[in-house]
Amino acid sequence: MSANINLPRILRIGAGVSRLLPEVLDELGLKDPLLISDDFIVSLGWLDNLEAQLNEKGFTHNRFTGVVPDPTTDAIAAGLTVLKQGQHDCVVALGGGSSIDTAKAIAAMANRDQAIRCYKVPQTLDDGLPIIAIPTTAGTGSEATRAAVITDTETQEKMLCMGLGLMPVAALVDFELTMTMPLRLTADTGIDSLCHALEAYVSRHANPFTDTIALASMAAIAKHLRTACQEPDNREAREAMMLAATQGGIAFSNASVTLIHGMSRPIGALFHVPHGMSNAMLLPDITAWSISGAPARYACCARTMQFANSSDSDEVANQKLIIALRQLCSDLQVPTPASFGISKAQWQQAIPTMAQQALGSGSPANNPLIPNAEQITALYDTVWGN
Ligand SMILES: [Fe+2]
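What counts as what
- The residue numbering used here restarts from 1 in each chain and proceeds along that chain's sequence as written.
- The model is predicted, so local features are restricted to residues of pLDDT at least 70 and side-chain atom pairs to those at 80 or more, both for listing and for counting; the totals for chains, interfaces and linings are taken over all residues.
- Computation of side-chain values: all heavy atoms of the structure, hydrogens and water removed.
- The helix count covers DSSP runs of H or I at least four residues long, the strand count covers runs of E at least two residues long, and both are numbered beginning at the N terminus.
- Summary of the burial criterion: residues with accessible area below 20% of their type's maximum are buried, those above 50% are exposed, and those between are partly exposed, where the area comes from a 1.4 Å probe applied to protein chains only.
- When checking whether two residues touch, look at their non-hydrogen atoms; a contact exists if any pair is within 4.5 Å.
- By the criterion applied in these results, polar contacts are pairs of N or O atoms within 3.5 Å in which, for protein atoms, one can donate a hydrogen and the other can accept it, and in which residues neighboring in sequence qualify only through two side-chain atoms.
- Take the residue count of a helix, subtract one, and multiply by 1.5 Å to get its expected span.
- Put simply, a disulfide is two cysteine sulfurs that come within 2.5 Å.
- Each metal's donors are the N, O and S atoms within 2.8 Å of it, or within 3.2 Å when it is Na, K or Ca, and because water is not part of the set, sites may look incomplete.
- Geometry is assigned from donor-metal-donor angles: four donors are tetrahedral when every angle falls between 85 and 135 degrees, four are square planar and six octahedral when opposite donors sit over 155 degrees apart with all other angles between 65 and 115, and any other arrangement is irregular.

Colleague: Help me out: how do you make sense of the environment of E51 in this one?
Modeller: You can see E51 is positioned in helix α3 (residues 46–56). The buried category is assigned to E51, whose relative accessible area is 14%. Separated by 30 residues in the primary sequence, E51 and L21 have C-alpha atoms spaced 10.0 Å apart. Among all residues touching E51, those that are not within four sequence positions of it are L35, H61 and R63. In terms of polar contacts, E51 uses its side chain to reach the side chain of R63, at 2.8 Å.

Dropping the structure here:
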C-alpha cells in the first residue's frame, strides 16, 4: 500500500469545542485572526460570541461577513481587501462549507498576485495563512479537506481548487452548532456527506486508510440522517451526523470524489442548485451506472449501510443499494431538476457545457467506470428523465 494522507494538525470533536478557539490559537502561536462568516451566523449572535471570547483573552481580530452561498471570486476579492487592512496571521471560518471555502481561498490567496482561476485543478495551492475551521453544518467536511470550490464570477464555472494551503490547521467540530439547522439544509448537507463517503470508497484512489473512515461515515449517515431530519433536537443523531461529515471529508480529501461530484458542480454553478441537493439528484442514477466498475465495493457499501444482508450476493446487494438510495432521496424530498424549476430546454442547452466542466474537473477520471463526454451527456439526459 502507498497512500498520501493529509489531515488538520488539530481536530477537536464534541459538544462545546467551538468555545476553545482562544486555546487553540494559543497552541498554534497565532495572535490576530480574521473571522470569516455570513449574515445568517451573524444574526444568530454566534460571531459576537466568538469575538467576546477573543476579547476576553486579549486577541486582536477583525471580521469579514460577506460570504455568499457558492462562494465567488468577487466575494474572495472583498475578503482579501479586509484581510490586507490588518496584520492578520490566520483566518477563522465560522459557518458552513461556503464560509470555510471562502476562508480557505482568502488564506491561500493572501500572498499571491494572480487570479484564483490560475490555480484551479490541476494546479495546486500549497501554502497560505493558517486556517481554523468551525463548521456549523454537518455536510461538506471542508474543515478536514485540502479542497475548496469557488465560482468564477466571470464564467460561472465552479472551480475545484486543491492543495495543502487549503487544509485547515485546526478544526473545531461541535455538533451543538448544527442543532438549529433547518430540515432542507440537514438533508442536503447529509446527502453531500454520504456522497463523499461513497465516492471515496469506490474511487480509484481509495486506500485502506480512507476505506475504514468512509465505511464508518456511510454507516452512521444511513442510520442517523432521517432522524436528524425528523427530530432536529435529537442530540445522538446530530452528533453522529457531525462526526460522519468530518469523516466523509477526511475520506474524500485523501481518496478523491468521483463522477457524482464531477457532474454536480456544473449543475450548481449554472442553475444555483445547493451543492448537496445537486449531488442527491445524481446519486441513484450515477451510482447505478458506475456499479459495473466496482461491483464488490458497491456491494460492501450496501451491506455496511444495512441496505443489504451479508448473505446477499453482490448483484442482489447492488440492486438493493439503488432501491435504498432512491428511497432515501424520496424520503428526504430531493427534487428532480424539473421540480426544482429547471426547464427541459434550459437543461438540454446546458448539457454540453456541464459535460465539459465535469470532465475538466478531473473527478470523473477517479470513477470506477470512467465515462467519456458522450456518456456524461447521456447521463445528464438520464438524470432529467427520472
Ligand atoms: Fe461535496
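Colleague: Help me understand helix α9 (residues 259–271) in this model?
Modeller: The periodicity of an α-helix, 3.6 residues per turn, causes residues three or four places apart in sequence to face the same way. For α9, with 13 residues, the first-to-last C-alpha span of 19 Å sits near the 18 Å given by 1.5 Å per residue. H272 sits one or two residues past α9 and shows a positive phi near 55°.

Colleague: Whenever I open this one, the state of the cysteines confuses me. Can you help?
Modeller: As used in these notes, a disulfide is a covalent bond between sulfur atoms, one from each of two cysteines. Under the criterion given, the structure shown has zero disulfides. Counting only cysteine sulfurs, C161 is the nearest neighbor of C118, a cysteine outside any disulfide, at a range of 10 Å. There is no disulfide at C300, and the cysteine sulfur nearest it, in C301, is 6.0 Å away.

Colleague: How should I be thinking about the coordination of the iron ion in this particular structure?
Modeller: Ideal values for angles at a metal depend on the geometry: 109.5 degrees with four tetrahedral donors, 90 or 180 degrees with six octahedral donors. Within the protein, D192 (OD), H196 (NE2), H261 (NE2) and H275 (NE2) serve as the donor atoms for the iron ion, at 2.1 to 2.2 Å. In this structure, the iron ion is coordinated by four donor atoms arranged in irregular fashion, with angles at the metal of 85 to 170°. For the iron ion, all donor residues lie on one chain, and their spacing in sequence is D-x3-H-x64-H-x13-H. On the criterion of sequence distance, the pair formed by H196 in helix α6 (residues 183–202) and H275 in helix α10 (residues 275–290) is long-range, its members being 79 residues apart. A relative accessible area of 2% means that H196 is categorised as buried.

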